[in-house]
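Breakdown of the fold
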Amino acid sequence: MSIKLRLVIMNFLQFFVWGAWLITIANYWFGTKQWDGTQFGAIFSTMGIASLFMPTLMGIIADKWVNAERLYTILHILYAICLIYLVQVDNPGTFFTVMLLAMCCYMPTLALSNSIAYSSLTQGNYDLIKAFPPIRVWGTVGFIVAMIITNKTGNKATEYQFYIAAAGSIFLGIYSLFALPKVPPQHHSKENAKISDILGLEAFKLFGNYKMALFFIFSMFLGAALQLTNAYGDVFLSDFAFYPKYADLKVVQDSTVIMSISQISELLFILAIPFFLKRFGIRNVMLIAMVAWVLRFGLFAYGNPSNGLWMIILSCIVYGMAFDFFNISGSLFVETSTDSKIRTSAQGVFMMMTNGFGAIVGSLTSGFMIDKYFTQSYYTVAELANRLDTTADNPKLLEFIASKGATIKDGVLNTVIHLKDWQDIWLAFAAYTLLIVIAFAILFKHKHNPNELDNTGH
């Protein structure tokens with residue numbers, strides 16, 4: 001089996017075991033468990049907390065002591081065990097703890113998979129810019145396949161989404177052990193090396209370089225926005241089922257399949273990255289990604305499953321550019337701007353800033369803000385009917401009220417019903433990313449050299 005094919009399978013499974021639950025967990029949380037939004041924000045922050053130290057720590061271990069592919073195997077098996085146990089949890093506090101352990105195992109595998117791919121392709125004398133994006137495309141395919149399987153098997157609000165992910169992760173762990181190319185530690189440390197060199201902490205010296213420090217800071221700010229549509233996108237579309245005029249639309253019923261358009265879009269934009277990088281350079285590609293995030297949120301704000309469906313679909317298409325252009329160009333920027341001795345550790349730092357500090361701030365802040373400022377309370381049937389653009393005696397409205405465990409007496413609800421104001425939520429996210437775009441355009445200077453990326457391969 002060729003190196004490329006082995007890496008294709010690795011990437012497919014790497015994202016399959018994430019896509020099986022990442023987009024649909026909100027339906028499980030809010031719909032099945034009926035836990036609150038602030039607590040949900042904390043759940044998504046586990047990715048950020050784990051990314052603060054685990055990718056860097058695992059990168060150091062892979063740089064110094066353990067083959068990257070072996071470490072990758074161990075982490076995926078442990079991730080699967082955590083997901084299996086997660087299904088048994090019946091309270092938000094324990095769910096948070098178990099999910100944090102799962103993320104401590106999974107998040108470093110994102111950076112490790114990149115390092116394994118880069119190392120293997122370089123050893124095989126491939127040009128990374130040309131060879132890696134078509135391989136990485138299959139990770140997106142894996143994510144899409146997992147989303148569709150979860151949706152079409154009727155498990156987007158059930159615990160079986162975690163079993164699907166766990167099964168894939170166990171298979172990936174076994175596959176990695178026997179099929180992935182060997183990526184041994186580099187052992188660059190000298191016998192009398194400082195403790196900081198031994199631990200790989202020299203990667204943090206990159207913050208002493210103005211351009212690298214600025215890049216990492218903007219990675220953190222954008223990281224706050226990266227997971228927001230993963231956290232809320234599917235439940236946003238599912239919430240249209242509350243509106244009688246939208247409830248029976250296929251778009252609402254198959255919300256996860258609609259959201260998978262975002263990942264299908266990734267397939268196309270990943271393949272376009274070599275052209276954009278060569279033509280426009282890393283800085284401008286990252287700037288394009290940030291503008292795409294503004295469009296992503298803005299289109300969601302005004303879209304709906306009927307006459308505004310084109311906005312939702314266009315938002316999903318724009319997502320491919322927003323996500324891929326920053327993550328992959330950022331990863332390649334780190335790869336081409338750091339010394340080989342600390343490259344894996346530097347990739348870990350990039351992950352720490354994007355999926356660590358950024359994700360923590362974004363998840364916790366968004367969960368709190370949505371609960372406090374963007375969730376509306378309804379006490380009467382008339383108010384609720386007005387919000388859902390229907391009449392107070394509409395059968396579907398009455399069915400919705402009953403599903404919330406509420407009863408009606410003289411037009412008053414015995415239980416308050418809470419609905420999220422999705423338009424203002426998405427507009428707030430759009431405004432935040434627009435500020436990032438303006439600041440990045442002004443502050444981050446990087447002269448484009450068309451030949452700059454040719455050094456990543458042979």
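Above: the structure in question.
A short tour of the structure in this document, coming up. All residue numbers refer to positions counted from 1 along the written sequence of the respective chain. Thresholds applied to this predicted model are a pLDDT of at least 70 for local features of residues and 80 or more for the giving and counting of side-chain atom pairs; totals over whole chains, interfaces and linings are not thresholded and use all residues. Water and hydrogen atoms play no part in the side-chain values, which are based on all heavy atoms of the structure.

As for the environment of Lys182
Strands here mean DSSP runs of E at least two residues long; helices mean DSSP runs of H or I at least four residues long; both are numbered from the N terminus. Here Lys182 shows up in the loop between helix H7 (160-179) and helix H8 (195-198). The classification of residues rests on relative accessible area computed with a 1.4 Å probe and restricted to protein chains. Under 20% of the type maximum is buried, over 50% is exposed, and intermediate values are partly exposed. Taking relative accessible area as the criterion, Lys182 reaches 46% and is therefore assigned partly exposed. Considering only alpha carbons, one finds Lys182 and Thr256, 74 residues apart in sequence, at a separation of 37 Å. Leaving out residues up to four positions away in the same chain, Lys182 has contacts with Asn67, Glu69, Gln123 and Leu177. Residue contacts are defined here by distance: any two heavy atoms, one from each residue, within 4.5 Å place the two residues in contact.

What about empty space enclosed by the protein?
Detection works on a 1 Å grid of protein atoms alone, calling trapped sets that fit a 1.4 Å probe cavities and calling open sets with protein on both sides within 12 Å along at least five of seven lines pockets, with lining residues defined by an atom within 4 Å of a point. Grid points are joined across faces, edges and corners, and a volume is the space filled by probe spheres set on the points. Scanning all chains against the criterion turns up two cavities of 30 Å³ or more. Approximately 250 Å³ is the volume found for the largest cavity. Along the wall of the largest cavity there are 18 residues; nearest its centre are Phe15, Asn114, Arg136, Asn327 and Met351. Elements with a minimum of two residues in the lining of the largest cavity: helix H1 (3-19), helix H5 (92-123), helix H6 (128-152), helix H13 (309-337) and helix H14 (343-373). Broken down by element, the residue count for the lining of the largest cavity peaks at five residues, all from H13. For the lining of the largest cavity, the per-class residue count stands at ten nonpolar, six polar and two charged. Reported here for the second largest cavity is a volume of approximately 80 Å³. Of all elements in the fold, only H1, H6, helix H12 (255-302) and H13 reach the threshold of two or more residues within the lining of the second largest cavity. Throughout this entry, Asp, Glu, Lys and Arg are counted as charged residues, while Ala, Val, Leu, Ile, Met, Phe, Trp, Tyr, Cys and Pro are counted as nonpolar. The remaining residues, Gly among them, count as polar.

Structural notes on the state of the cysteines
Cysteine sulfur atoms are paired as a disulfide whenever they come within 2.5 Å of each other. Enumeration according to the criterion identifies zero disulfides in this entry. We note that Cys82 lacks a disulfide partner, and the nearest cysteine sulfur, in Cys105, lies 4.6 Å from it.

A few points about the pattern of salt bridges
Counted as salt bridges are all cases of a side-chain nitrogen of Lys or Arg within 4 Å of a carboxyl oxygen of Asp or Glu. Summed over the entire model, instances satisfying the criterion amount to four salt bridges. Taking the shortest distance from any N to any O, the salt bridge between Lys396 and Asp248 comes out at 3.3 Å. A residue pair is termed long-range when its members are at least 10 positions apart, and Lys396 in helix H16 (residues 395-403) and Asp248 in the loop between helix H10 (228-238) and helix H11 (250-253) qualify at 148 residues. Put simply, Lys250 and Asp254 hold a salt bridge, and the shortest N to O gap is 3.5 Å. For Asp254, a relative accessible area of 12% gives the class buried.

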